[in-house]
Amino acid sequence: MKDLLAGPVLPAARGLLGCEISAGGVTVRITEVEAYAGTAGDPASHAHRGRTPRNAIMFGPAGFLYVYFTYGMHWCANVVTGVEGEASAVLLRAGQVVSGLDLAIARRRSTVERDLARGPARLCQALGIDGTAYGADLLAPDAPVRLRLPSTPVLESRIAAGPRVGVTGAHDLEWRFWIADDPTVSVYRRHVPRKRAQ
DNA sequence: GTTGCGATCGTA
DNA sequence: ACGATCGCAACC
């Protein structure tokens, strides 16, 4: 797991599919991710413009949790990857709740099992992840958020790829990965600008 | 100090 | 298609 995360971000993103993340008494099997290449010419990355207090954890070693607050109400979770200073990360976009179903339902409005962690903010809500989980060591056995390899790995032939969701540019990069035909993969929404161009 | 807007979601 | 809602970071 450590070797996977410390390597290049695209294989790390693919390898995170099928992994299980546990927090707040809930475990989610990851079914959809997106790769972000830190400072290395990826304008969509939060680390693209350099180190700030918010993204500081991204510049450290792999295997730590980067969580950020967005749209005034949502938290999203990333796994830091690569070597120190690279600041690459993988956004956890969706998953399937495999244990702690009651807790996940209690935290979410929806009782539709498929939708409990279907989307990056929903996934965090189901797991109870917020700013207090920032910087958690995902590989430490006593950490508040834990990550472990799948019991049955996802076959490469079952992995689909496409453009990342919600980013304004870099639509030529197919850095979103998901498990083909999995019902918990988030529904694609076209990104609409807040104000229309005149 | 001020401002524009975002790796989203639920509802219409 | 739109509003909620606020912290971050860019700019003055």
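A quick note: this is a predicted structure, and the numbers were derived from the prediction, not measured.

Caption draft 1: Main features of the nonpolar core. Among the nonpolar cores identified, the biggest contains 55 residues, and Leu65, Val79 and Val90 are the most heavily contacted of them. Filtering out sequence-adjacent residues up to four positions away, valine 90 remains in contact with Val9, Ala12, Ala13, Leu16, Val33, Glu34, Ala35, Asn78, Val79 and Thr81.

Caption draft 2: Quick peek at the protein's contact with DNA strand B. Around DNA strand B sit 25 residues in total, of which His46, Leu91, Gly119, Ala121 and Gly166 are the nearest. Secondary structure elements with two or more residues in the surface near DNA strand B: β4 (74-81), β5 (88-99) and α4 (120-127). Class assignment of the residues belonging to the surface near DNA strand B gives a composition of 10 nonpolar, 11 polar and four charged.

Caption draft 3: Representation of the pairing of strand β8 (residues 176-179) within the structure. Across the two faces of β8 the burial is the same, with Arg176 and Trp178 and Phe177 and Ile179 all buried. As judged from the three bridges shared by strand β2 (residues 26-36) and β8, these two strands associate in the antiparallel manner. Looking across to β8, one finds that glutamate 32 is bridged to tryptophan 178. Summarising the sheet, strand β7 (residues 159-162) and β8 pair through four bridges and their orientation is antiparallel. For alanine 160, the partnering residue across the bridge sits in β8 and is tryptophan 178.

Caption draft 4: How the structure looks around the protein's contact with DNA strand C. Near DNA strand C the following residues occur: Arg49, Thr52, Pro53, Arg54, Asn55, Phe69, Tyr71, Gly72, Met73 and Val192. A per-class count over the surface near DNA strand C returns five nonpolar, three polar and two charged.

Caption draft 5: Seen up close, unusual backbone geometry. Of note, tyrosine 71 is a non-glycine position whose phi angle comes to about 55°, a positive value. Within the fold, tyrosine 71 resides in the loop between β3 (65-70) and β4. Among the residues examined, tyrosine 71 registers 7 C-beta atoms within 10 Å and is labelled exposed. Its identity is not glycine, yet aspartate 181 carries a phi of approximately 65°, on the positive side. Here aspartate 181 lies in the segment after β8.

Caption draft 6: Region of the structure containing helix α2 (residues 9-16). Every buried residue of α2 is listed here: Val9, Ala12, Ala13, Gly15 and Leu16. Looking straight down α2, one finds that the buried residues subtend no more than 165° of arc, so they occupy a single side. Each element contacted by the buried residues of α2 is listed here: α1 (2-6), β2, β4, β5 and β8. Following α2 by one or two positions, glycine 18 has its phi on the positive side, about 90°.

Caption draft 7: The arrangement of the environment of isoleucine 21 in detail. The residue isoleucine 21 is located in strand β1 (residues 20-23) in this model. Note on isoleucine 21: 24 C-beta atoms within 10 Å, which makes it buried. For the pair isoleucine 21 and proline 153, spaced 132 residues apart in the sequence, the C-alpha separation amounts to 15 Å.

Cut-offs used in this document
Residues numbered from 1 in each chain as written. Chains lettered and ligands numbered in written order. Predicted model: local features only at pLDDT ≥ 70, side-chain atom pairs only at ≥ 80, totals over all residues. Core = buried A, V, L, I, M, F, W, Y, C linked by C-beta atoms within 7 Å. Buried ≥ 20, exposed ≤ 12 C-beta atoms within 10 Å, placed from the backbone. Contact = placed C-beta atoms within 7 Å. Near = placed C-beta within 6 Å. Helix = DSSP H or I, 4+ residues; strand = E, 2+ residues; numbered from the N terminus. Nonpolar A, V, L, I, M, F, W, Y, C, P; charged D, E, K, R; others polar. Pairing = 2+ DSSP bridges. Arc of directions from axis to C-beta.

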